[in-house]
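Examining the three-dimensional arrangement
Letter by letter, the chains look like this.
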2 protein chains.
Amino acid sequence: MAARPQPRYLPVSGQAPHERGDAARNRNLLLDAARRLIAERGAEAVTTDDIVAAAGVGKGTLFRRFGNRAGLMMELLDEDEKAFQQEIMFGPPPLGPGAPALERLLAYGRRRLDFVVAHRALMADVNRDPYARFNAPARVQHRHVSVLLAEAGTTGDVDAQASALLALLDVHYVHHQLTENGHTVQSLGDAWESVARKLCGT
Amino acid sequence: MAARPQPRYLPVSGQAPHERGDAARNRNLLLDAARRLIAERGAEAVTTDDIVAAAGVGKGTLFRRFGNRAGLMMELLDEDEKAFQQEIMFGPPPLGPGAPALERLLAYGRRRLDFVVAHRALMADVNRDPYARFNAPARVQHRHVSVLLAEAGTTGDVDAQASALLALLDVHYVHHQLTENGHTVQSLGDAWESVARKLCGT
């Protein structure tokens, strides 16, 4: 197989460096309001009118800063992906460094599953393009799982194994299993753990 | 985990039972022409005008029978999926019955990979809806792989393992690996075999 570019972890940074005070404040007001409303009633039920009303800013501010509703949703997901990345890279064990690789891997599976379930509507929106499954945040997940598989002493094609494991955490797969195949988050997590352990040879 | 409906193999049948002679002939002329043109120049480059010209029928015939270009493409894929299904269910070993389950599974991986590569444009079209990955032909593949994993004596959650293996044969995944990650059909087949063997414990 030809050498492939190694995906890197995304730079973890909150926002553009030179954003002015007002703009930054409005941005955070809008994102916080959107996050709160989504938690209350689900992303599908949240309109831009709801968001600007809850944020107490004008509608023009939302459109100037985010372009449209999809732009705001994408930035919201992006922020949460960065926070998730912080957790798996620098957070406490067993998710973060300090625990044995297999333990970290198993913690990752459960935690990512929760993340995917909590962000389903946002992720399904962004991942409508089938190739979005290979975008920058997805590459971070792939890199993380590959590294942990390798550290756990897994033999064979670690890249393919990581892709196979991550497919079981894909937002559409998870949603389909929960809604059509009688799975629960617990049983999906158990299934993931079973496959992960098997690949690690334990 | 709750009991889930067992997907069944699709009925393998060529066409609607009472299609009239002329209609059936025109249908086959159109499908054969489309198949030939796609093989020559790829599905993206084939228009309805090309197809009717090559089939020697009027454009109205195509639209009456298939609704539109997408309808014809879907029926073409459906025919090929049925032929593929015949092969894995009733064809000669090692793909069909008669070989040990692991051998059948490994033959399946290579053969399905070839099928996906050959049908990329058609499948990518149909699978633009992310939930199409769980449609009837996909359930046939899942059932087949699950049965072979179980027959090969695989322990653990066979359903999840089948999903993980099939994700490595997903049309978008395969295309991405071939075009962006330096893979070849051979190296993707090797990677699949490596994961399949591992899950089967060999």
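Within each chain, residue numbers correspond to sequence positions counted from 1 in written order. Whichever chain is written first becomes A and whichever ligand is written first becomes 1, with later ones labelled in order. Per-residue local features of the predicted model are confined to residues with pLDDT of at least 70, and side-chain atom pairs are confined, for both listing and counting, to 80 or more; whole-chain, interface and lining totals are unaffected and use all residues. Only hydrogens and water are removed before side-chain values are computed, so all heavy atoms of the structure are retained for them.

**A closer look at the overall build of chain A**
Definition in use: Secondary structure follows DSSP: runs of H or I at least 4 residues long count as helices, runs of E at least 2 residues long count as strands, and numbering of each begins at the N terminus. Note on method: radius of gyration uses C-alpha positions; expected globular size equals 2.2 Å times residues raised to 0.38. For every residue, the accessible area (1.4 Å probe, protein chains only) is compared with the maximum for its type, and the residue is labelled buried under 20%, exposed over 50%, or partly exposed between those bounds. In what follows, a contact means two residues having at least one pair of non-hydrogen atoms within 4.5 Å. To measure how exposed things are, a 1.4 Å probe is used in the Shrake-Rupley method; for residues, cover is taken only from the protein chains shown. Positive charge is attributed to Lys and Arg, negative charge to Asp and Glu, and no charge count is given to His or to the chain ends. In this description, the location of a charge corresponds to atom NZ of lysine, CZ of arginine, CG of aspartate or CD of glutamate.
Broken down by element type, chain A carries 10 helices and zero strands. A globule of 202 residues ought to have a C-alpha radius of gyration of about 17 Å, and chain A, at 19 Å, matches this closely. Counting only C-alpha atoms, chain A reaches 55 × 40 × 35 Å along its principal axes. Per-residue burial over chain A gives 50% buried out of 202 residues. A separation threshold of at least 6 residues defines the contact pool for chain A, and within that pool the share at least 24 residues apart is 63%. Of the accessible surface of chain A, which amounts to about 9,300 Å², a share of 54% is contributed by carbon and sulfur atoms. Here chain A holds 24 positive side-chain charges and 24 negative ones, and the gap between their average locations is 3 Å.

**Concerning the interface of chain B and chain A**
The test is simple: Note on terms: buried area is the combined drop in 1.4 Å-probe accessible area of two parts once they are placed together, counting the loss on both. By salt bridge we mean one thing: a side-chain nitrogen of Lys or Arg within 4 Å of a carboxyl oxygen of Asp or Glu. Between N or O atoms, a polar contact is any pair within 3.5 Å; within protein, one atom must be a potential hydrogen donor and the other a potential acceptor, and residues adjacent in sequence are included only when both atoms are from side chains.
Listed per partner, the contact involves 34 residues of chain B and 33 residues of chain A. For the pair chain B and chain A, the summed buried surface comes to about 3,000 Å²; carbon and sulfur atoms form 62% of the total. One can count zero salt bridges joining chain B with chain A. Between the two partners, chain B and chain A, sit eight residue pairs in polar contact (both at pLDDT 80 or more).

**A few points about unusual backbone geometry**
A cis amide bond, omega 10°, links Pro 93 of chain A with the succeeding residue Pro 94 of chain A. Relative to the helices and strands, Pro 94 of chain A resides in the loop between α4 (69-90) and α5 (101-118).

**A word on the environment of Arg 133 of chain A**
Residue and element names in this part refer to chain A. Inspection of the secondary structure assignment puts Arg 133 in the loop between α6 (120-126) and α7 (136-151). According to the relative accessible area criterion, Arg 133 is buried, its value standing at 19%. Sequence spacing of Arg 133 and Ser 146 is 13 residues, and the spatial spacing of their C-alpha atoms is 16 Å.

**Quick notes on the packing of helix α7 (residues 136-151) of chain B against helix α8 (residues 158-167) of chain B**
All names here are of chain B. Cut-off, in case you're wondering: In this description, a line fitted to the C-alpha atoms serves as the axis of each element, helices being fitted only across the stretch in contact, and the angle between N-to-C directions of two axes falls anywhere from 0 to 180 degrees. Angle categories are assigned with fixed cut-offs, so that under 35 degrees is roughly parallel, over 145 is roughly antiparallel, 65 to 115 is roughly perpendicular, and the rest are oblique. Crossing handedness follows the turn of the near helix against the far one: under a right angle anticlockwise gives a left-handed crossing, and clockwise gives a right-handed one. Gly is placed with the polar residues, together with every amino acid not listed as nonpolar (Ala, Val, Leu, Ile, Met, Phe, Trp, Tyr, Cys and Pro) or charged (Asp, Glu, Lys and Arg).
Close contact between α7 and α8 brings their axes to 9 Å; oriented N to C, the two are set at 120°. Classified by the interaxial angle, the pair formed by α7 and α8 is oblique. Of the two elements, α7 crosses α8, and the hand of that crossing is right-handed. The segment α7 lies against α8, with Gln 141, His 142, Val 145, Ser 146, Leu 149 and Ala 150 engaging Val 158, Asp 159, Gln 161, Ala 162, Ser 163, Leu 165 and Leu 166. Taken together, the residues of the contact of α7 with α8 break down into seven nonpolar, five polar and one charged.

**Overview of the relation of the copies chain B and chain A**
Mapping between the two copies of the chain is achieved by a rotation about an axis and a shift along the axis. What counts here: Superposition of the copies used a least-squares fit over C-alpha atoms from residues whose pLDDT is at least 70 in both.
Relative to chain A, chain B is turned by 180° and slid 0.0 Å along the rotation axis, the superposed coordinates differing by an RMSD of 0.1 Å. Taken together, the rotation and translation describe the operation of a two-fold axis. When each C-alpha of chain B is compared by its distance to the rotation axis, Ala 164 of chain B comes out closest, at 2.2 Å. Here 97% of the contact residues of chain B are again contact residues in chain A; the copies associate through an equivalent surface.

**Looking at the packing of aromatic side chains**
Geometry of an aromatic ring pair is reported as the spacing of the ring centres plus the angle between the planes. As a reminder, the rule being used: When two rings of Phe, Tyr or Trp (its six-membered ring) have centres within 6.5 Å they constitute a pair, described as stacked for plane angles under 30 degrees, edge-to-face for angles over 60, and tilted for the intermediate range. To sit over a ring, a charge needs its Lys NZ or Arg CZ within 6 Å of the ring centre and within 35 degrees of the ring normal.
All told, the structure shown has eight aromatic pairs over all chains when counted by the stated rule. Here Tyr 108 of chain A and Trp 192 of chain A contribute two aromatic rings whose centre-to-centre distance is 6.3 Å and whose plane-to-plane angle is 55°, an arrangement assigned as tilted. Linking Tyr 108 of chain A in helix α5 with Trp 192 of chain A in helix α10 (residues 185-199), this pair joins segments that are 84 residues apart in sequence. For Trp 192 of chain A, a relative accessible area of 2% gives the class buried. With a centroid separation of 6.3 Å and an interplanar angle of 45°, the aromatic rings of Phe 134 of chain A and Tyr 173 of chain B are classed as tilted. Here Phe 134 of chain A is found in the loop between α6 and α7, whereas its partner Tyr 173 of chain B is found in helix α9 (residues 171-180) on a different chain. Here Phe 134 of chain A and Tyr 173 of chain B have matching classes, each one buried. Taken together through their ring pairs, the aromatic side chains of Phe 84, Tyr 108, Phe 115 and Trp 192 of chain A make up a single cluster. One cation-aromatic arrangement involves Arg 112 of chain A over Phe 84 of chain A; the distance from NZ or CZ to the ring centre is 4.8 Å.

**Regarding helix α4 (residues 69-90) of chain B**
Because the α-helix completes a turn every 3.6 residues, residues three or four places apart line up on one side. Residues and elements named next belong to chain B. The criterion, for reference: Helix span, expected: 1.5 Å multiplied by one less than the number of residues in the helix.
Counted at 1.5 Å a residue, the expected span for α4 with its 22 residues is 32 Å, and the 31 Å between its end C-alpha atoms agrees. Among all positions of α4, only Leu 72, Met 73, Leu 76, Leu 77, Asp 80, Glu 81, Lys 82, Phe 84, Gln 85, Ile 88 and Met 89 are buried. Two or three places before Ala 70, at the opening of α4, Asn 68 has a side-chain oxygen 3.1 Å from that residue's backbone nitrogen.

**Looking at α7 of chain A**
All names here are of chain A. Between its terminal C-alpha atoms α7 stretches 23 Å, which fits the 22 Å expected from 16 residues at 1.5 Å a residue. Every buried residue of α7 is accounted for by Pro 137, Val 140, Gln 141, His 142, His 144, Val 145, Ser 146, Leu 148 and Leu 149. On its buried face, α7 sits against α4, α5 and α8 (158-167). Downstream of α7 by one or two residues, Gly 153 has phi in the positive range, about 80°.

**Description of the domain arrangement of chain A**
All names here are of chain A. Going by this rule: Here the limits of each domain have been adopted from an automatic or database domain assignment.
Per the domain assignment, the segments making up chain A are domain 1 (22-67) and domain 2 (70-199). A straight line from the C-alpha centre of domain 1 to that of domain 2 covers 27 Å. Domain 1 puts 13 residues into the contact, and the matching count from domain 2 is 10 residues. Summing both sides of the interface, domain 1 and domain 2 together bury roughly 990 Å²; the carbon and sulfur share of this comes to 61%. It is Leu 31, Arg 35 and Phe 66 in domain 1 that bury the most area against domain 2; as a group they hold 46% of the surface buried on that side. Scanning the region where domain 1 abuts domain 2 turns up six salt bridges.

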